[in-house]
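Descriptive structure summary
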Amino acid sequence: MRWRDDPDMRQWGLVLAAAGLLAITMGGRQTLGLFVSPINTSTGLGITTISFAMAVAQFVWGAIQPVAGAVADRYGPGRALAAGILLMAAGAALTPMMDSSIGMVFSIGFLMAAGSGAGSFSVLIGAASQRLPTHRRGMASGVINAGGSFGQFVFAPLMQKLIGVFGWMGAMYSLAVITLAALPMARLLRGRPAPVASVSATEAPPLERGMRATLSDAFRDRSYLLVHAGFFTCGFHIAFLVTHLPGEVDLCGLPAQVASWSLAIIGLANIAGSLYAGWCVQHYRSKYILFWMYASRAALVALYLVAPKTEMTFYIFAAGLGFTWLATVPPTAGVVGKLFGTRYLATLFGMTLLSHQVGGFLGAWLGGIAITETGDYQWMWYADIALAALAAVANLPIREPRIEPRPQPA
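1. Digging into the confidence of the model for the chain
Put simply, the chain has an average pLDDT of 83, and 90% of its residues get 70 or more. Of all the helices and strands in the chain, helix α6 (residues 121-131) carries the lowest mean pLDDT, 76, while helix α12 (residues 286-306) carries the highest, 94. Contacts from residues 195-207, a stretch scored under 50 in pLDDT, to residues over four places away or in other chains number 30 contacts.

Below you can see the structure in the form of C-alpha cells.
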C-alpha cells in the first residue's frame, strides 16, 4: 500500500511537510540577529537603524499572518505558501544590495518578513487542523512547531559559519537559495481539505457563519482578547532575544559563537518543548499550560540577571527558555480552535500572531534604543520579567472547556 492510500500516513506526511517548510522559513528568520553587527560594520547605518528594520520585520511578519490565513482559508494554503517562499528568497537576495535605512527596511522589514510570515504558523497550523481529526491536532501542531525549532537549531550555527566564510552578503545569498528549497513542500499542502471527523465535544459547533461574522464574534469575546494579551508578551520576549542576544553576549565580553550556539540550543530545546506542549494540549487545558510557560520565563530571566555572565550561564539560560520558546503556539492555537472551530482558524490565529508581532516590534526596536541610550539592556530585562508575569495571570480567566476523554472504539 502506498502512503497516499493510507489516511493516517497521508495525514502525518502533510504534517511533516509543514514542519519541514517551517524549519526553513523560521530558521532563516530567527537567526537574522546574527547579521546586525556585520551589517552595521559594513554599511555604518548604526545599531538603532538596523534594529528598526528588524522591528519592522517583526510587525510585518505578524501583519501578514491574517492576510495569508484568509487567502489560505479561501483558496487553499498552497498559493499563500508558494508566494511567501518567493518573497522571502527575494528579500534575502536583495539585502546585500541595500546601503540605506529605507533599503534595509524594504528588503528585511517587508520582503523577507512578509515571505516568512506567509509561510509560517497561521497557514501551516490552519492547514493541518483542517485536515486532521480533533484528537490529533494538538500533537500535530507540536510537531509543526518543532520543525521551526529544528530550523533554528540548524540555521544558527550554519549562518554564523557562512558569515565567517563568505561574509554577511554571501550568507544572505546562500539563505535565498536555501529558502527556494521549500517550494516542493508547499505543493504537498495545496488544494482544499477533505472533511474529517471530529471526536471531541470541546470543539465549537461547525456553523458556517462566514469570515466577517466569525471575526466580529471573536473580537467581542473576552477570552480571545486575553489570548492576544498573552501572545503580545511572547512576541516582545522572543523578538528582543533573537535581535539582541548577540549584543548581550558581546557586552559580557564573550565570543560571537556563544550567541549562535545559544540560539541553536534554544531551537534544540524547543523541539522537545514543542512536542511536549503538543502532548499536553491533548491532556490538559491550554490556559494552564500557557500560565506555567509564561511564569517560568519570568523566573528564568530573573535568575539570569543575578547569575555570573559566563558561557555556561548563557547555554543553561538558552536551554531553559528554549523549552517554552515557541511551545506557546500549540496551546494558543488550541484555545482559538476550541473557541471558534477550525474553518477560519488560519485567519483567527493569524490575528493572534499579529498581536504577537506588535509585541515583537517593540521588543526589537526598544532593545536597540536601550543599548544606544543606556549602554546595556538592563531595563529591557526588567520589562521582560514584568510582562511575562502579567501574561501568565492573563491566561487564567480564559473560557476554555475541560478536556473530554477520547471515545474508545466499540
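Picking up where we left off.
2. Side note on the pattern of salt bridges
Enumeration over the complete set of coordinates arrives at three salt bridges. Residue Asp217 is joined to Arg220 by a salt bridge in which the shortest nitrogen-to-oxygen separation is 2.9 Å. Glu400 is the salt-bridge partner of Lys338, the closest N and O atoms lying 2.8 Å from each other. One end of the pair, Lys338, is in helix α14 (residues 329-340); the other, Glu400, is in the segment after α16 (378-395), and 62 residues separate them in sequence. Judged by its relative accessible area of 6%, Glu400 is buried.

3. Re the state of the cysteines
Following the criterion strictly, the structure yields zero disulfides and no others. In this structure Cys234 is a free cysteine whose sulfur lies 16 Å from that of Cys280, the closest cysteine sulfur available. Of the residues examined, Cys234 reaches a relative accessible area of 1% and is grouped as buried.

4. Digging into the packing of α12 against helix α13 (residues 311-324)
The relative placement of two packed helices comes down to the angle between their axes together with the axis-to-axis distance. At their nearest, the axes of α12 and α13 sit 9 Å apart, and the two run at 170 degrees to each other. With respect to α13, the element α12 is oriented roughly antiparallel. Within the contact between the two elements, α12 uses Met293, Ser296, Arg297, Leu300, Val301 and Tyr304 and α13 uses Thr313, Phe314, Phe317, Gly320, Leu321 and Thr324. Here the contact of α12 with α13 is composed, by residue class, of seven nonpolar, four polar and one charged.

5. What about the side chain of Thr25?
Position of Thr25 among the secondary structure elements: in helix α1 (residues 7-30). A distance of 2.9 Å separates a polar atom in the side chain of Thr25 from the backbone oxygen of Gly119. When near neighbours in sequence (up to four residues on either side) are disregarded, Thr25 contacts Met88, Ser116 and Gly119.

6. Overview of a nonpolar patch on the surface
A cluster of nonpolar side chains, namely Tyr276, Trp279, Tyr284 and Phe323, defines an oily patch on the protein surface of about 420 Å² accessible area. In this structure, Tyr284 sits in the loop between α11 (256-281) and α12. A residue is classified by how much of its surface remains accessible, and Tyr284, at 44% relative accessible area, is partly exposed.

Thresholds, definitions, all that
Residues numbered from 1 in each chain as written. Predicted model: local features only at pLDDT ≥ 70, side-chain atom pairs only at ≥ 80, totals over all residues. Heavy atoms only, no water. pLDDT = per-residue confidence, 0-100. Helix = DSSP H or I, 4+ residues; strand = E, 2+ residues; numbered from the N terminus. Contact = heavy atoms within 4.5 Å. Salt bridge = Lys/Arg side-chain N within 4 Å of Asp/Glu carboxyl O. Buried < 20%, exposed > 50% of the residue type's maximum accessible area, 1.4 Å probe, protein only. Disulfide = S-S within 2.5 Å. Axes fitted to C-alpha atoms, helices over the stretch in contact; angles between N-to-C directions. Parallel < 35°, antiparallel > 145°, perpendicular 65-115°, else oblique. Nonpolar A, V, L, I, M, F, W, Y, C, P; charged D, E, K, R; others polar. Polar contact = N/O pair within 3.5 Å; in protein donor to acceptor, adjacent residues only side chain to side chain. Patch = residues over 30% accessible without salt bridge, like charges linked within 9 Å, V, L, I, M, F, W, Y side chains within 5 Å. Areas by Shrake-Rupley, 256 points an atom, 1.4 Å probe, with all protein chains shown as cover.

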